[in-house]
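# Observations on the model geometry
Okay, here's what each chain looks like letter by letter:
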Amino acid sequence: MSLPQVRYASSKPETENKAAATAAPASDKPATVSQKLKKMWEAYGVIAVGTYLSVYVTTLGSLFLALDYDVFNAATVGLDPTYAIHMFCDVVEKVTGNTHVPEYIRENPHVGTFAIAWVMTKFTEPFRLAFTIATVPSVARILGKKENKSASETEQK
């Protein structure tokens, strides 16, 4: 049993509609993240990298300051930062046999806080990457950079 075909009215002659249908891109699959990043690099270059690094440094700095000034109270979620830093130092000491780095971290708690902020920043990677992909064209427009012609031509093909 087949479904009836429905024809829609078009202002173009039927030959043009067929030509347009055959000129459509062969792959209608959504682009992967790596393909999007490659297109972004080809189109925006340094602006894309600069935007990503700006988002990364802002995230890392914000998390460090929030942890250092106890904006995120780790004790409310059952984490004692001092205990976590000492556990980290013990693991580093056991695995590497190095006593200088753990000793330095124990003496300077800001280093341990920075390490915790860095790990937390790693967990935000998917969000930072999506945010960067979404905002780079706007940032480029604000900075007055036009998209490279070769990248836009490649995208249209």
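What you are looking at is a predicted structure, and each value in this text was computed from that prediction instead of being measured.

## Quick look at the overall build of the chain
The number of helices and strands found in the chain is eight helices and zero strands. Counted from the first residue to the last, the chain has its helices and strands arranged as α-α-α-α-α-α-α-α. Here the chain holds 157 residues, and the buried ones make up 20% of them. The long-range share in the chain, meaning contacts at least 24 apart out of those at least 6 apart in sequence, stands at 74%. Working note: accessible area of the chain is about 12200 Å², and carbon and sulfur atoms make up 64% of it.

## Quick notes on a nonpolar patch on the surface
Together, Trp41, Val46, Val49 and Leu53 make up a nonpolar patch on the protein surface, roughly 420 Å² of accessible area in all. Ranked by the residues each element gives to the nonpolar patch, the list is headed by helix α3 (residues 46–68), at three residues. Positionally, Val46 belongs in helix α3. For Val46, a relative accessible area of 66% gives the class exposed.

## Some thoughts on the confidence of the model for the chain
Summing up the model confidence of the chain, the mean pLDDT is 78 and the portion of residues at 70 or higher is 70%. Looking over the chain, one finds the lowest element-wise mean pLDDT in helix α1 (residues 14–23), namely 49, and the highest in α3, namely 94. Low confidence marks residues 19–24, where pLDDT is under 50. Its contacts with residues over four positions away, or in another chain, come to zero contacts.

## Topic: the environment of Leu63
Relative to the assigned elements, Leu63 resides in helix α3. Measuring from C-alpha to C-alpha, the distance between Leu63 and Trp118 comes to 8.1 Å, with 55 residues separating the pair along the chain.

## Some points on the packing of aromatic side chains
Within this structure, the stated rule accounts for one aromatic pair. Relative to Phe114, the ring of Phe64 lies with its centre 6.0 Å away and its plane at 65°, an arrangement referred to as edge-to-face. Separated by 50 residues along the polypeptide, Phe64 in helix α3 and Phe114 in helix α6 (residues 109–123) bring together distant segments of the chain. On the basis of relative accessible area, Phe114 is assigned to the partly exposed category, the value being 40%.

## Here we look at the nonpolar core
In this structure, Met40, Ala43, Tyr44, Ile47, Ala48, Val136 and Ala140 together form the largest nonpolar core, which totals seven residues. Among the secondary structure elements, those contributing two or more residues to this core are α2 (33–44), α3 and α7 (125–143). Not counting residues within four places of it along the chain, the set of residues in contact with Ile47 comprises Val139, Ala140, Leu143 and Lys145. Core analysis: the second largest hydrophobic core is formed by six residues, Leu63, Phe64, Leu67 and Ala117 among them.

## Points about unusual backbone geometry
At Asp70, a residue that is not glycine, the phi angle is positive and equals roughly 60°. Along the chain, Asp70 turns up in the loop between α3 and α4 (81–96). Asp70 sits in the partly exposed class, given a relative accessible area of 46%.

## Quick look at the pattern of salt bridges
Counted by the stated rule, this structure contains three salt bridges. Glu93 is the partner of Arg106 in a salt bridge, and the nearest nitrogen-oxygen pair spans 3.6 Å. Note that Arg106 is positioned in helix α5 (residues 100–107) and Glu93 in helix α4, a separation of 13 residues in sequence. The class of Arg106 is partly exposed, set by a relative accessible area of 32%. Residue Glu93 is classed as partly exposed on the basis of its relative accessible area, which comes to 29%. A salt bridge links Glu125 to Arg128, with the shortest nitrogen-to-oxygen separation between them at 2.6 Å. One end of the pair is Glu125 and the other is Arg128, both in helix α7 and three residues apart, which spans about a single turn. Classification of Glu125 as partly exposed rests on a relative accessible area of 25%. Among the ionic contacts, a cluster of salt bridges with common partners joins Asp90, Glu93 and Arg106.

Cut-offs and rules
- Chains are numbered independently. Their residues run from 1 in the order of the written sequence.
- Totals for whole chains, interfaces and linings use every residue, but because this is a predicted model, local features are given only for residues with pLDDT of at least 70 and side-chain atom pairs only at 80 or more, for both listing and counting.
- Hydrogens and water molecules were not included; the side-chain quantities draw on all heavy atoms of the structure.
- In this text, helices come from DSSP runs of H or I with a minimum length of four residues, and strands from runs of E with a minimum of two, each type numbered from the N-terminal end.
- With a 1.4 Å probe rolled over the protein chains alone, any residue whose accessible area is under 20% of its type maximum counts as buried; one over 50% counts as exposed, and the rest are partly exposed.
- Only heavy atoms enter the contact rule, under which two residues are in contact if any of them lie within 4.5 Å.
- Using the Shrake-Rupley algorithm and a 1.4 Å probe, accessible areas are obtained, with residue cover drawn only from the displayed protein chains.
- Two distance rules govern patches: like charges are joined within 9 Å, and nonpolar side chains (Val, Leu, Ile, Met, Phe, Trp, Tyr) within 5 Å, applied only to residues with over 30% relative accessible area and no salt bridge.
- Any Lys or Arg side-chain nitrogen located within 4 Å of an Asp or Glu carboxyl oxygen qualifies as a salt bridge.
- What pLDDT reports is the predictor's confidence in each residue, on a scale of 0 through 100.
- Centres within 6.5 Å make a pair out of two Phe, Tyr or Trp rings, where for Trp the six-membered ring is used; the pair is then stacked when the planes are under 30 degrees apart, edge-to-face when over 60, and tilted otherwise.
- Remark: nonpolar core denotes a set of buried residues (Ala, Val, Leu, Ile, Met, Phe, Trp, Tyr, Cys) joined through side-chain atoms within 4.5 Å.

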